[in-house]
Amino acid sequence: MRENVLLIGGGGREHAIARALEDSECDLYACAGNRNPGIARIATDFETLEETDPEAVVDYAAEVEATIAVVGPEAPLDAGVADALEEAGVYAFGPRQEQARIETDKAFQRRFMSENDIPGCPDYETFDDVEAACEFIDEYDGDLAIKPAGLTGGKGVKVIGDQVTPEEGKEYIRESDYERIVLEERLIGEELTIQAFVANGEIRTAPAVQDHKRAYEGDEGPNTGGMGSYSDATRELPFMSEEDYEAAVEILEATVDALEGYKGILYGQFMLTAEGPKVIEFNARFGDPEAMNTLPVLETDFLDVLTAARDGEDLPDLEFADQATVCKYAVPEGYPTDPEAGAKVQVDEESAGDALLYYASVDERDDGIYTTTSRSFAVVGIANTLDEAEEIAEDALAVAGDEGLHMRHDIGKADLVQQRIDHMAELRGD
Ligand code: AMP
Ligand code: GLY
């Protein structure tokens, strides 16, 4: 049977999901709040709708006779879109609202880890009283990460000793009106992401990826949704060992065991510390940008994963090409604090050369594609080595130019990768 796959979401991650299904035995339908021109070109139909409105999504799923849905972003999961689809008889690859709390409620996430003895949980406390949280900061021996419990698009966390002083941290808590705050031990190490495909109690993991959250080169500036990312030709990243990878996968496995009936992607963001991997957070979906590193090198048909998940079968073993990938986002100038929209995008899927181009939040007008106030587009180089992949990505950025755009040219460059290796060696006392 030819499947009708409904894709929900209109970012770079969803463009990567659309491409992964482009040559599969399915017709792709897409819906999102923004019309993503890359997805629109691949899909049989693209509907612009409120993607956090379960009823609107279910109506569209019925109209296109969807047989499977893939929920890309976290906001629809948090809004119960997967639940609504399932109640309407459409299998959703994405967790139900309750299980998506592993991402959408950081206080729940930490409690869940400690109650289920999942390894890799940092010391933490949760607070719903501002002054109690400030007092804890005063009394705690060491630096803390301040995390609002709810979704903030990766931009709500402030790390004492890194981005802010204890005084600034307290001021941040007092000035923002977050209902609940998690304070946790500041972890020192190198960050990495491992995404797991999960269904029917089974888990299949992808190669590790390193994202770059900070807006400016050299890891300076405010946190963003992610400025770019790389993965190596092996499952590991250059600064980690096979044992580190296995230890992180064990954490993901323990989490899936405890989260009975979870389905979709479980994204583990880890800090590789001198004591091994610790969990920074879980997400209930692919990473953006990390999906753009992972899906282009996935050689197994993603549709086979989706149908096996739906049909209660064993998930296929996943094959990934032994290739390195480097993804770089172009974002509007001033992003994320003061983004300036309206620059014309000068690169397209043809002129990107050997790189893959993924659209994110752009606006397609009669005379071209323009930036909005969120991340605009990403280019991805894929090659045998990181150096070659990085060059391919840079060549595409050169075509794009930098009029009205900002990008981090340092991502995936040998210098920065070497700094990561040296940092880990120093922490481990090698
Ligand atoms: P999150 O929104 O949880 O992904 O956090 C955003 C960023 O804050 C992460 O990518 C880390 O760089 C940093 N961060 C979060 N939690 C911690 C922690 N416990 N220790 C150190 N850095 C952290
Ligand atoms: N790249 C970080 C995220 O998707 O949350």
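Up top is the structure these notes are about.
In what follows, the accompanying structure is described. (Residues numbered from 1 in each chain as written. Chains lettered and ligands numbered in written order. Predicted model: local features only at pLDDT ≥ 70, side-chain atom pairs only at ≥ 80, totals over all residues. Heavy atoms only, no water.)

Right, let's talk about the overall build of the chain for a bit. A tally of helices and strands in the chain yields 14 helices and 23 strands. Against the 2.2 N^0.38 benchmark of 22 Å for 430 residues, the chain shows a C-alpha radius of gyration of 21 Å, consistent with a compact globule. Across its three principal directions, the C-alpha atoms of the chain cover 60 × 45 × 40 Å. A burial count over the chain gives 57% of its 430 residues as buried. Once local pairs closer than 6 in sequence are excluded, the contacts in the chain between residues at least 24 apart make up 66%. (Helix = DSSP H or I, 4+ residues; strand = E, 2+ residues; numbered from the N terminus. Rg over C-alpha atoms; globule rule 2.2 N^0.38 Å. Buried < 20%, exposed > 50% of the residue type's maximum accessible area, 1.4 Å probe, protein only. Contact = heavy atoms within 4.5 Å.)

Attention shifts here to the site of ligand 1. Every one of the 17 residues lining ligand 1 counts as a neighbour, but E184, L187, E191, Q269 and E281 are closest to it. Between ligand 1 and K213, the relevant distance is 3.1 Å, taken from an oxygen atom to a side-chain nitrogen or oxygen of the residue. Listed by contribution, the elements that provide at least two residues to the shell around ligand 1 are strand 7 (144-148), strand 9 (181-185), strand 16 (264-273) and strand 17 (276-283). Of the residues that constitute the shell around ligand 1, the class distribution is six nonpolar, three polar and eight charged. (Near = heavy atom within 4 Å. Polar contact = N/O pair within 3.5 Å; in protein donor to acceptor, adjacent residues only side chain to side chain. Nonpolar A, V, L, I, M, F, W, Y, C, P; charged D, E, K, R; others polar.)

If you walk across this open sheet you meet the four strands as 6-9-7-8, and the pairing is antiparallel. Each edge of the open sheet is held by one strand with a lone partner, namely strand 6 (124-127) and strand 8 (158-159). Where strand 7 meets strand 9, five bridges bridge the pair, whose relative direction is antiparallel. Opposite I146, over in strand 9, you have L183 as the bridge partner. (Pairing = 2+ DSSP bridges.)

A few words on the environment of L144. Residue placement: L144 occurs in strand 7. For L144, a relative accessible area of 1% translates into the label buried. Along the primary structure L144 and E185 are separated by 41 residues, whereas in three dimensions their C-alpha atoms are 4.8 Å apart. Setting aside chain neighbours within four positions, we find L144 in contact with F136, I137, K158, V159, I160, L183, E184, E185 and R186.

Before going further, it helps to examine the site of ligand 2. All residues adjacent to ligand 2 are D211, K213, G225, Y267, N283, R285, G287, D288, P289 and E290. At 2.9 Å from a nitrogen atom of ligand 2 is found a side-chain nitrogen or oxygen belonging to D211. Between ligand 2 and the protein, one listed contact pairs an oxygen atom with a backbone N or O atom of D288 at 2.9 Å. Compared with its free state, where it exposes 200 Å², ligand 2 has 91% of that area covered by protein. Partitioned by chemical class, the residues of the shell around ligand 2 number two nonpolar, three polar and five charged. (Areas by Shrake-Rupley, 256 points an atom, 1.4 Å probe, with all protein chains shown as cover.)

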